Amino acid sequence: MCQTLKVPHTLILLLGMMVIALFATWVVPQGFFETHLSDSGRQMVVAGTYQVIEEKTFLTPWDLLTAIPRAFAAAQDVIFFVLIVGGVLAIARATGTVDALIGRLLEKYGSKPEKLIFMVVFCFAMASSSIGTAGEYIPFVLILVALCKAMRLDAMTAVGMIVAGYGIGYGVSAFNPFTVLIAQQIAEIPVYSGIWLRFAIFVPFVLIGFHHVWQYAQKVKQDPSSSMMIGVSCPLDGKEQPSYPKLESRHQMILGSFLITLTIAVWGIATKGWYLYELGGVFIAWGAVIAILGKLSADETAERFIEGVSDLVTTAILIGVARGIALILEDGQILHTLVHSMSMPLSYVSAEISAVGMLVIQTLLNTFIPSGSGQAYVTMPLMVPLGDLVGVPRQVAVLAYQFGDGFSNMIIPTNAVLMGIIGMAGVPYAHWFRFCLPLLLKLMAAASVVLILAVYFGYGLDVQPVIAQ
């Protein structure tokens, strides 16, 4: 029997992708679209203005090396948020609250993990769909990993619950302010329009994600040797509890303060435009509250915090290097070339095929432009006039963008939030890719059917602007 092929460490995979990106800047023509400043202050491309650069920018291996520390700086918000959350959760664990919560959840869901899986996928999808949460799920990673281990499942199941909810929520979002509203504004159609279809497909897509995770969890529960995590060390190894403490009043007070912390975070996101810096501050404040309620000394609190941060240094490194892939492509000035080249073939096929083609293009481009709003500003000004030309309603073009951006968030290595989640759970990227690819293909197939039917039945024609001849 031949020896199983050894998959490289996630860090080596990411560095390899950076090298491939560097080679791409040497062979792909460099070019750009003209841009203008939108009302929201973001640079937006102007359709029909693409031109090749006469004097190419040649990136050297030295540029590759310097891109790594620059990438760390570019991803610092996610990196520091992950480290802060890890430190604060270590403080919470020192009070026994996390273990008491896991014990209580085991009592409730230990014999019926399918209910827990559905609840997590559904709730996370709802949050992402409505207010665009993503990095906010990082505090739940280690808790769900510990819970899954106690239920004789694995870390892959925990990550599957979180990321499936996150990606599907973004993909079928009803009114995510960071994606749907921006894309609709660029497409010049009423914001919140077409919401009935997005509501209608929400539960069916969530069920696809739930079924994929539950099917895997069932297999692992029946045969632990079928786990994709065999031979992979877990961040909680050596920290398992033989028994769990009772959920006492002080634990309940700490959990109550956690709910208050999340409420403040959601309020800040929705009304103040908060993101990871502000959320990091909120969690630091929660850490102080935990120490007081848990009656931890100042020294013990500091030691636990540093211990939690130290455990996530590897995760921070992966997040930083992942950002470097897109940075190389930006420096090499080939992002606009990729967008232009991918969109050209759509003008030669039917409207239904063009809609599916838009989905494929948005999926591929999300690897190079992992920011949802950033992708909207680059791609939607091109997809809208192209859709007008081939008969794809603008509402359908927005839907194709949503699907492509949201679903691929679950698998692209340039997504810093994804790398933070799998890094915190100790799941190697290659293992995650094998788990997630079948789910992505299922979602893409379902999305293609929705797009074809949407074009066929004229979804969005009621708000389609009249195009001057």
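Quick caveat, the model's predicted, so the values are computed rather than measured.

Asker: Looking at this structure, how should I read the environment of Gly-110?
Answerer: Mapped onto the elements, Gly-110 comes out in the loop between helix 4 (97–109) and helix 5 (113–131). C-alpha separation for the pair Gly-110 and Met-151, spaced 41 residues apart in sequence, amounts to 6.0 Å. Aside from chain neighbours lying at most four places away, what touches Gly-110 is Leu-105, Met-151 and Lys-221.

Asker: Is there a simple way to think about empty space enclosed by the protein in this case?
Answerer: Over the atoms a probe the size of a water molecule is rolled, and this reveals where empty space is left. Within the structure shown, the criterion is met by one cavity of 30 Å³ or more. Its volume calculated, the largest cavity comes out at about 30 Å³. Every residue lining the largest cavity is listed: Ile-131, Gly-132, Thr-133, Glu-136, Phe-178, Ile-269 and Tyr-275. For the lining of the largest cavity, the residue count by class is four nonpolar, two polar and one charged.

Asker: Is there a simple way to explain helix 9 (residues 195–222) in this structure?
Answerer: Since the α-helix advances by 3.6 residues per turn, residues separated by three or four positions end up pointing in the same direction. Under the 1.5 Å per step criterion, the end-to-end length of helix 9 is 41 Å for 28 residues, consistent within 8% with the ideal 40 Å. Residue Phe-202 marks the point of greatest curvature in helix 9, where the axis turns by about 35 degrees; the proline Pro-204 follows within four residues.

Asker: What should I look at first to understand the environment of Val-145 in this one?
Answerer: Positionally, Val-145 belongs in helix 6 (residues 141–150). Overall, the relative accessible area of 0% leaves Val-145 in the buried class.

Asker: Looking at this structure, how should I read unusual backbone geometry?
Answerer: Note: most residues except glycine have negative phi, and most peptide bonds are trans. Here Glu-188, not a glycine, exhibits a phi torsion of approximately 60 degrees, which is positive. As for its placement among the helices and strands, Glu-188 is situated in the loop between helix 8 (180–186) and helix 9. Positive phi is not limited to glycine here, since Gln-333 has a value of about 55 degrees. Within the secondary structure, Gln-333 is located in the loop between helix 13 (313–331) and helix 14 (335–343). The exposure class of Gln-333 is partly exposed, given its relative accessible area of 29%.

Asker: Any chance you could explain the nonpolar core here in plain terms?
Answerer: The nonpolar side chains of a soluble globular protein tend to be buried, and buried together. The biggest cluster of nonpolar side chains holds 159 residues, and the ones touching the most others in it are Phe-205, Trp-286, Met-380, Phe-403, Phe-407, Val-427 and Trp-432. Per-element accounting of this core gives the leading share, 14 residues, to helix 19 (residues 429–456). Ignoring sequence-local partners within four residues, the contact set of Phe-403 consists of Gly-171, Val-172, Ile-201, Leu-359, Ser-408, Ala-447, Val-450 and Leu-451.

The rules behind the values
- Residues numbered from 1 in each chain as written.
- Predicted model: local features only at pLDDT ≥ 70, side-chain atom pairs only at ≥ 80, totals over all residues.
- Heavy atoms only, no water.
- Helix = DSSP H or I, 4+ residues; strand = E, 2+ residues; numbered from the N terminus.
- Contact = heavy atoms within 4.5 Å.
- 1 Å grid on protein atoms, 1.4 Å probe; cavity = no way out; pocket = protein on both sides within 12 Å on 5 of 7 lines; lining within 4 Å.
- Points joined across faces, edges and corners; volume = space filled by probe spheres on them.
- Nonpolar A, V, L, I, M, F, W, Y, C, P; charged D, E, K, R; others polar.
- Expected span 1.5 Å × (residues − 1).
- Bend = angle between axes of the 7 residues up to and from the residue.
- Buried < 20%, exposed > 50% of the residue type's maximum accessible area, 1.4 Å probe, protein only.
- Core = buried A, V, L, I, M, F, W, Y, C linked by side-chain atoms within 4.5 Å.

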